[in-house]
Amino acid sequence: QVQLVESGGGLVQAGGSLRLSCAASGRTFSTYGMGWFRQAPGKEREFVARISWTGGRTFYADSVKGRFTISRDNAKNTVYLQMNSLKPEDTAVYYCAADRSTTTQAMARMTYTYDYWGQGTQVTVSS
């Protein structure tokens, strides 16, 4: 069992930055692939970024590539999402998720691939 708690959300002006954190409980955190997703009002939850259990492989949604960076510190049981050059369209509730499997990029973009989810943290970008 893994419990995930996100933090770091808030209100920021367009062009600004935020760093989200996702703290995980459980001794097996380092064996999980981790993802970030987001959900805007009235929209489906969408993939943002994924990092492998070693941290050696990452990939991103096209909409955030070059602006967001996912990273992890297995010693601290924490995964991060550094968000730069924020845009109003980045406004959403951001969720982290844990995946016990090693999966393809296509599967990693799907919410059903993930076994555990956090409660989410709100990010609001004003224009």
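Throughout, residues of each chain are indexed from 1 in the direction in which the sequence is written. Since the coordinates come from a predicted model, pLDDT governs what is reported: local features require at least 70, and pairs of side-chain atoms require 80 or more to be given and counted, while whole-chain, interface and lining totals use all residues. To obtain the side-chain values, all non-hydrogen atoms of the structure were included, while hydrogens and water were left out.

Thoughts on the packing of aromatic side chains
Note the threshold: Pairing of aromatic rings covers Phe, Tyr and the six-membered ring of Trp, with a centre-to-centre limit of 6.5 Å; geometry is then stacked below 30 degrees between planes, edge-to-face above 60, and tilted otherwise. In this analysis the charged atom, NZ for Lys or CZ for Arg, is taken to sit over a ring once it is within 6 Å of the ring centre and within 35 degrees of the ring normal.
Applying the stated criterion across every chain, the model contains six aromatic pairs. Joined through ring pairs, the aromatic side chains of Phe37, Phe47, Phe59, Tyr114 and Trp117 make up one cluster. Sitting over the face of the ring of Tyr95, Arg45 holds its NZ or CZ atom 3.7 Å from the ring centroid. Above the plane of the ring of Phe29 lies Arg72, whose end atom (NZ or CZ) is 4.6 Å from the centre.

What to know about the side chain of Glu6
Basically, it comes down to this: Working definition: helices are DSSP H or I runs of at least four residues, strands are E runs of at least two. Numbering for both runs from the N terminus. Burial classification: accessible surface area is computed with a 1.4 Å probe over protein chains only, and a residue below 20% of its type maximum counts as buried, one above 50% as exposed, and the rest as partly exposed. Positive charges are assigned to Lys and Arg, negative charges to Asp and Glu, while His and the chain termini are left out of the count. We define a salt bridge as a contact between a side-chain nitrogen of Lys or Arg and a carboxyl oxygen of Asp or Glu at a distance within 4 Å. Pairs of N or O atoms are called polar contacts if they sit within 3.5 Å, as long as, within protein, a hydrogen donor faces a hydrogen acceptor (for residues adjacent in sequence, only side-chain-to-side-chain pairs). Two residues form a contact once any of their heavy atoms are found within 4.5 Å.
Topologically, Glu6 is positioned in strand 1 (residues 4–7). For the buried Glu6, no salt bridge is present, and the opposite-charge side chain at shortest range is Arg45, 7.3 Å distant. At 2.8 Å, the side chain of Glu6 forms a polar contact with the backbone nitrogen of Cys96. If near-sequence neighbours (up to four positions away) are discounted, Glu6 is found in contact with Ser21, Cys22, Trp36, Tyr94, Tyr95, Cys96, Gly118, Gln119, Gly120 and Thr121.

Overview of the nonpolar core
The nonpolar side chains of a soluble globular protein tend to be buried, and buried together. To keep things clear, this is the line we draw: Think of a nonpolar core as a cluster: buried Ala, Val, Leu, Ile, Met, Phe, Trp, Tyr and Cys residues, connected wherever their side-chain atoms sit within 4.5 Å.
Counting residues in hydrophobic clusters, the biggest one holds 37 residues, and the most contacted among them are Leu4, Met34, Trp36, Leu81, Met83 and Tyr94. In terms of residue count, the dominant contributor to this core is strand 9 (residues 92–99) (five residues).

Topic: the pairing of strand 3 (residues 18–24)
Convention followed: Only when DSSP finds a minimum of two bridges between them are two strands counted as paired.
Of all seven residues in strand 3, five are buried; the element is thus mostly enclosed. Two strands pair when backbone bridges link them, and strand 1 and strand 3 are joined in this way by four bridges, in the antiparallel orientation. Each bridged residue has a counterpart across the sheet, and for Glu6 the counterpart in strand 3 is Cys22. Pairing analysis gives six bridges linking strand 3 to strand 8 (residues 78–83), with the strands arranged antiparallel.

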